[in-house]
Structures are given as structure tokens and as C-alpha cells.
Amino acid sequence: MSKIKVTIWNEFRHERHNEKVKGIYPEGIHMAIAGHLAGNESFEIKTAVLDEPEHGLTEETLNNTDVLIWWGHLAHGEVQDEIVERVRARVLDGMGLIVLHSGHASKIFQKLMGTNTGILKWRDDGEKERIWVIEPGHPIANGLGEYIEIPKEEMYGERFEIPAPDELVFISWFEGGEVFRSGCCYKRGKGNIFYFRPGHEEFPVYHQPEILHVISNAILWAAPVQGAKSSYGRVAPLEAVHS
Ligand code: ZN
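An account of the accompanying structure is given in this report. (Residues numbered from 1 in each chain as written. Predicted model: local features only at pLDDT ≥ 70, side-chain atom pairs only at ≥ 80, totals over all residues. Heavy atoms only, no water.)

### Regarding the layout of surface pockets
- In this structure, the largest pocket spans a volume of roughly 420 Å³.
- Lining the largest pocket are 20 residues; nearest its centre among them are Asp93, Gly94, Pro224, Val225 and Gln226.
- Residue classes in the lining of the largest pocket are distributed as 6 nonpolar, 7 polar and 7 charged.
- Approximately 200 Å³ is the volume attributed to the second largest pocket.
- The wall of the second largest pocket is formed by 13 residues, among which His73, His104, Trp122, Glu154 and Tyr156 lie closest to the centre.
- Sorting the residues of the lining of the second largest pocket by element identifies strand E5 (121–133) and strand E6 (147–157) as the ones contributing at least two each.
- A per-class count over the lining of the second largest pocket returns 4 nonpolar, 6 polar and 3 charged. (1 Å grid on protein atoms, 1.4 Å probe; cavity = no way out; pocket = protein on both sides within 12 Å on 5 of 7 lines; lining within 4 Å. Points joined across faces, edges and corners; volume = space filled by probe spheres on them. Nonpolar A, V, L, I, M, F, W, Y, C, P; charged D, E, K, R; others polar. Helix = DSSP H or I, 4+ residues; strand = E, 2+ residues; numbered from the N terminus.)

Following this line, the structure appears as C-alpha cells:
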């Protein structure tokens, strides 16, 4: 079986300018996730960051990506509209997209969701998050227990301004009392999209095995299938039509 080609995209700003974040992710969130997933023989992993030419998302790279993972926060506005459109077209054509944490406010997520807000409640006091698996039969929940606990996380609370997910796999509870839809599946065109909430840069969330397990499951779920090429418009009949 051929490997799933995964590109992990990161804006890579906090890790270069904030000592605390640099201490957790010295080479960046993208390299941390890439390193942890490298042992999985089903994946062929590449990374790309905002400051590369074309944000590292050239036509060639995207055409050779089965699943794109997206982490951004400070610099959503710096992502060029032309590149956003290029990513959107690839998703509609079947590329999987996994949007992590603050990627809820990225141009690409908003464009694919059809909202321009993605707004929510938040508080970065470092509180416990308990992610409840509410669809244990879903492929993204494969191998998980009833819940995952993250000892310290930023809180995201409802209401989260998104269209109702096609499938909701996780709901988070936070120590301070809020809840949040933290594992949301969507289909846009031929592409599978998964929004996964955890991953505030000031906590070592992407070093936690269960979180990486979910990301791995999501890659397998989001990977494209080799379906027929669709055709559109006026076509000749396959059989003679007697009118
Ligand atoms: Zn955050």
C-alpha cells in the first residue's frame, strides 16, 4: 500500500519569538508533530511554514499532499489569498485537511466553513481539559478510551461559531465550567476536513501520546480515496435515447 503523503504547515512565529514556547517546541510545532509521527510507516511526512516562498504550499507540494495539517494563530492575515484559494481547490478535489486549535480563525478554515468569524470564548489560565469521546465507533476515536485528559490547556468555550459538523467525535469539558465541540468532521467537495481543538502553544500538548494518536487517526480518516473523475455539463447519452 502506498504511503499517505502528509504536509504539516505551521506559521512558526511563537516558537521563534517567545522563550517559553521555544522551550517546549525548539524546532517548532510542525517539527514536533513530524518527529512524533515519523515512526508511523503509513505516513510520508513533510513540513512547510509561512515564511517560505508561497508559504511552502506550492502547486507541486499541494499536488503531492494527501492530507494537510494546519496550525496558525498570530499571522492568519499574512496568509496570501491566492494560496488560500489554492488549498481550498485541493480540498474540494479530495485532499484531507486537519485544522488544529487556533486554526479555527484561519482564512482557509473560515472559507471552507462558509463563515467569516469562527469566534468562540477563550481563557488561557492553564486549566484541565477533559475531551470526551462521544462517537467511540468513529475511525478518529479508534483505540481511545472514554476520554483524554490534558492537565493544562487554554479553554475554548461555546458557542463556537461553526456550521453544525457532519460528525462530532469529541466534546471538551474545562475545569472552569465551559464545554466545547472539539472534534468536528466536515465534507467539502471530495475532501474530508477535521477540526481538532487542543494545542495551545504554551503547553506541551503535541508531545502527549493520546493527542498524537488522534492526529494519526485523523490522517487515516481524511486521506483521499481514488474515486472516479467526475464529469459535468451536457453529455452524449450512453444508450440511444428514443424520444
Ligand atoms: Zn491558543
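### Section: unusual backbone geometry
- In this structure, the amide linkage connecting Glu158 to the following residue, Arg159, adopts the cis form with an omega of 10°.
- With respect to the element layout, Arg159 can be found in the loop between E6 and strand E7 (167–174).
- For Glu54, which is not glycine, the phi dihedral falls at a positive 55°.
- Within the secondary structure, Glu54 sits in the loop between strand E2 (43–49) and helix H4 (59–63).
- Judged by its relative accessible area of 36%, Glu54 is partly exposed.
- With phi around 45°, His101 is a residue other than glycine that occupies positive phi space.
- For His101, the location among the structural elements is in the loop between strand E4 (96–100) and helix H6 (107–113).
- With relative accessibility at 0%, the residue His101 sits in the buried group. (Buried < 20%, exposed > 50% of the residue type's maximum accessible area, 1.4 Å probe, protein only.)

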